[in-house]
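Spelled out, the chains give:
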Amino acid sequence: MSLFLRSSTATTNTIIKTPNRFLRKNRKWPNPHYKTKFQIIFNQQKALHNLKHLAKSSPNQQEEQEQDQKSQIPIFPNQPYLLTCLINSFNEHKCEPTPIAYHFILKTLTLTIGTQLKEVDLVLTHLEKVETFDTPEWVLVDLIRVYCKKGFFEEAVELFFRIPRFRCVATAASLNVLLGWMCRNEEVIGLVPGVLVRCSRDMNVRIEGSSVEILIEALCRMRKVDHAIELLKCLVDEGIDPDRKVYSSILSALCKRNGTASSEVLGIYGEMKRMRLERDKFDFGNVIRFLVKQGKGIDALRVLGEMKKEVLKPDIACYNMVLRGLVEGGHFARAEELFDEFLLIGFIPNIHTYNVYIAGLCKQKNVEAGYKMIGCMEQMGCEPDSMTYNMVLEGFYKLGDSNRVEEVWMDMELKKLLNFETYLIMVCSLVKRCNILEACKKLEEGLTSGLVIASSKIDEAVCMLCKGGFVVEASDIVKKLFSFGISLGAKAWEALILGLKLNLSFTSIQSDQLGLLGDDLSSLWKAALCD
């Protein structure tokens, strides 16, 4: 009984001690409206809106407006106009300036940063020494980006190392922006190592994988691929998986560098495949182009197959490159299969596709089929060019079919597709048939026609004349070539020197032309004349 009375008494006391919220003296009133967080944010927004309105007009216009309203804003003598407007706007609304407001005036001043660089520095000094809030890093990062974009790299580097003074912690975000812009400029890229040393030593900013990736891409643009690969290995050793862009940059730089071994390119290509990194059309295109230049058409065909497995539809350029690699490598059966696949997919061959295919037919000495293919081109709406006809013309010349040579020549002349290479092929054909006078006429016609002069077959024509015993005619051709500023190759000079031993009538070579021979051939030439 006593225990029950004690519990009931304790319950009664507890009920009595609990304050009655319905009584006026115990009622909690809400905070004043001017002390709430919502009202502070509202005042800051009104102050920022007022600041933006003041920034639209010049100080003189604003002064006239304020005089009319009899509420002129005081402009401090040592402060920029926008900074004065910021201070007064936030004082009028009884709130503290915000980082967004400072970002606005910095962004406005940087529109003409070349003339207002001192004002930007005064705003930064005020933000550093007067304000107490922690400045967000993105405000300073945007200013660093503008500095670098306008070419003020010294100011950008100085601002980056001033970041801790603004009560802000520098991270890899600001470092990456600075490095990205500095690595694109050849004049300041040499300052990057010093910035990295000071960054890790003075600011304790850890160089992350993203920063190293920027350096790798810069080295690839500078064609220093070996150093980029070393940095890539350092990233992998640290347990950092590089981005696919890094591998893509290294792969592209390796494919463009002269003297790159195919094992290096295939190694990076295989590493991307092993790490299951997404490879785009540019990566596959670079590898295919490199392998074709290396004469590895079968490997290029294999890469094309992998490209299709990656659900990437190869374009016409990829098919053309692989087709050329197969034709140059002598894999004509594979080339036929690829050309059939090309047509079955629905691609329409362009002039490059037809030229590669016709070149393959001419290599197989099936020139007649190549000549018929020109008719198919015209039916498909693809007009053949001079290169197309020259391949067929040279094919018939090598087969010794003079009738077809004349026919193709007339066809090209009718369509106005003759170039200097065509004349040289015709000259070689005439020399082969011992029609020397006609060959000389054709060559002179080609030289005087104003066409672009290419000397790929000049040596062949001169050698054929000398071997046939027509040294005098060859000398006349050489004189005409010299008059047009065309020099001969070593094989043509050797053929002329050997011909001189049989016929010494050609002695009217100029001293400046003799220097084109080189030391060895010049001595042989003089010895032939003295014998």
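A brief look at the structure comes next. Owing to the predicted nature of the structure, the values given are computational and were not obtained by experimental measurement.

Quick word on the nonpolar core
Part 1: Within the largest apolar cluster, 99 residues are counted, with the highest numbers of intra-cluster contacts made by Ile216, Ile250, Ile288 and Leu488.
Part 2: Among the elements that line this core, the one with the most residues is helix H23 (residues 420-432), at nine residues.
Part 3: Those residues in contact with isoleucine 250 that lie beyond four places of it in its chain are Ile216, Cys220, Val225, Ala228, Ile229, Leu232 and Ile268.
Part 4: Grouped together as the second largest cluster of nonpolar side chains are 57 residues, Val141, Cys199, Val205 and Leu215 included.

Brief notes about the pattern of salt bridges
Part 1: According to the stated counting rule, one finds 19 salt bridges in the structure shown.
Part 2: One salt bridge connects aspartate 121 with arginine 162, and the closest N-O pair in it is separated by 3.6 Å. In this pair, aspartate 121 is assigned in helix H6 (residues 117-129) and arginine 162 in the loop between helix H8 (153-161) and helix H9 (172-182), connecting sequence segments 41 residues apart.
Part 3: Judged by relative accessible area, arginine 162 falls into the buried class, the value being 9%.

Regarding the packing of aromatic side chains
Part 1: Summed over the entire model, instances satisfying the criterion amount to eleven aromatic pairs.
Part 2: Ring geometry for tyrosine 319 against phenylalanine 342: centres 5.6 Å apart, planes inclined by 70°, an arrangement best described as edge-to-face. Taken together, the residues span a long stretch of sequence, with tyrosine 319 in helix H17 (residues 316-328) and phenylalanine 342 in helix H18 (residues 332-345) at a distance of 23 residues. This pair shows no difference in class: tyrosine 319 is buried, exactly as phenylalanine 342 is.
Part 3: A cation over a ring is seen here: lysine 52 above phenylalanine 104, with NZ or CZ 5.8 Å from the ring centre.

So, the packing of helix H15 (residues 281-293) against H17
Part 1: Two numbers describe how H15 lies on H17: the axes approach to 9 Å, and their chain directions differ by 20°. Considering the angle they form, H15 stands roughly parallel to H17. The hand of the H15/H17 crossing is left-handed. Residues Gly285, Ile288, Arg289 and Val292 of H15 touch H17, and the partners they reach there are Cys318, Met321, Val322, Arg324, Gly325 and Glu328.
Part 2: The residue makeup of the contact of H15 with H17, split by class, is five nonpolar, two polar and three charged.

Definitions and cut-offs
- Numbers given for residues are sequential positions, taken from 1 along each chain in its written order.
- For this predicted model, a pLDDT threshold of at least 70 governs which residues receive local features, and a threshold of 80 or more governs which side-chain atom pairs are given and counted, while totals over whole chains, interfaces and linings are taken from all residues.
- Side-chain measures were taken over the full set of non-hydrogen atoms in the model, leaving aside hydrogen atoms and water.
- Remark: nonpolar core denotes a set of buried residues (Ala, Val, Leu, Ile, Met, Phe, Trp, Tyr, Cys) joined through side-chain atoms within 4.5 Å.
- With a 1.4 Å probe rolled over the protein chains alone, any residue whose accessible area is under 20% of its type maximum counts as buried; one over 50% counts as exposed, and the rest are partly exposed.
- Numbering of helices and strands runs from the N terminus, with a helix taken as a DSSP run of H or I at least four residues long and a strand as a DSSP run of E at least two residues long.
- Any two residues whose heavy atoms approach within 4.5 Å are treated as being in contact.
- When a carboxyl oxygen of Asp or Glu is within 4 Å of a side-chain nitrogen of Lys or Arg, the pair counts as a salt bridge.
- Think of it this way: a Phe, Tyr or Trp ring, Trp meaning its six-membered ring, pairs with another when their centres are within 6.5 Å, and the plane angle makes it stacked under 30 degrees, edge-to-face over 60, tilted otherwise.
- Geometrically, a charge over a ring is one whose NZ (Lys) or CZ (Arg) sits within 6 Å of the ring centre while staying within 35 degrees of the ring normal.
- In this analysis an axis means a line fitted to C-alpha atoms, helices contributing only their contacting stretch, and an angle means the value between N-to-C directions, from 0 to 180 degrees.
- Working rule for angles: under 35 degrees goes down as roughly parallel, over 145 as roughly antiparallel, 65 to 115 as roughly perpendicular, anything else as oblique.
- Handedness of a crossing is defined here by the sense of rotation of the near helix relative to the far one, left-handed for an anticlockwise turn of less than a right angle and right-handed for a clockwise turn.
- Three residue categories are used. Nonpolar comprises Ala, Val, Leu, Ile, Met, Phe, Trp, Tyr, Cys and Pro, charged comprises Asp, Glu, Lys and Arg, and polar comprises the others, including Gly.

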